[in-house]
Amino acid sequence: MRDMAALDTNVLVRFLVQDDAAQLAATKKLFRRCVDADESLFVPVTVTLELESVLRSALGFDKTTVMLGTTISNQAKPLWASTS
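Residues numbered from 1 in each chain as written. Predicted model: local features only at pLDDT ≥ 70, side-chain atom pairs only at ≥ 80, totals over all residues. Heavy atoms only, no water.

## As for the nonpolar core
What counts here: Take the buried Ala, Val, Leu, Ile, Met, Phe, Trp, Tyr and Cys residues and link them wherever side-chain atoms come within 4.5 Å; each set so joined is a nonpolar core. Three exposure classes are used, based on accessible area relative to the maximum for each residue type with a 1.4 Å probe and protein chains only: buried under 20%, partly exposed in between, and exposed over 50%. The secondary structure listing takes helices from DSSP runs of H or I that are at least 4 residues long and strands from runs of E that are at least 2 residues long, numbered from the N terminus.
Judged by nonpolar contacts, the single largest core of 15 residues is most densely connected at Leu12, Phe31, Leu51 and Leu55. Considering each element in turn, this core owes the most residues, five residues, to helix α1 (residues 9–17).

## Details of the packing of aromatic side chains
Selection criterion: Ring pairs are drawn from Phe, Tyr and Trp, using the six-membered ring of Trp, whenever the two centres fall within 6.5 Å, and their geometry is named by plane angle: stacked under 30 degrees, edge-to-face over 60, tilted for the rest.
Across all of its chains, the model carries one aromatic pair by this definition. When the ring of phenylalanine 15 is compared with that of phenylalanine 31, the centres are 5.0 Å apart and the planes differ by 70°; the resulting orientation is edge-to-face. Here phenylalanine 31 lies in helix α2 (residues 21–36) and phenylalanine 15 lies in helix α1, a separation of 16 residues in the sequence. For the pair phenylalanine 15 and phenylalanine 31, one class covers both residues: buried.

## Describing helix α3 (residues 45–58)
Note the threshold: Each helix should span, by expectation, one fewer than its residue count multiplied by 1.5 Å. Here the arc refers to the directions that run from the helix axis out to each C-beta atom.
Here α3 is 14 residues long and its end C-alpha atoms lie 19 Å apart, about the 20 Å a rise of 1.5 Å per residue gives. Residues of α3 that are buried: Val47, Leu51 and Leu55. Buried residues of α3 fall within an arc of 65° about the axis and therefore sit on the same side. Turned more than 90 degrees away from the buried face of α3, the exposed residues are Val45, Thr46, Leu49 and Ser57. At the exit of α3 stands glycine 60, carrying a positive phi of roughly 80°.

Right, dumping it as structure tokens:
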């Protein structure tokens, strides 16, 4: 059995909000490496819950934006771009 990398809330927030170029680049590099190696990434339920809380409470996104922004197919642009 292979080890599986787990993602934390900060990694996902930086990917969705795209507010830190260095962290976004590192996250994209991790994602690309895993895709190229056909490896999975684990997102614990607690991280999913915290992600929703951070996006809505700390960053002020509404429910619809969070729902749309957390779908992989919508990630051509940062989460905040979908609010206009």
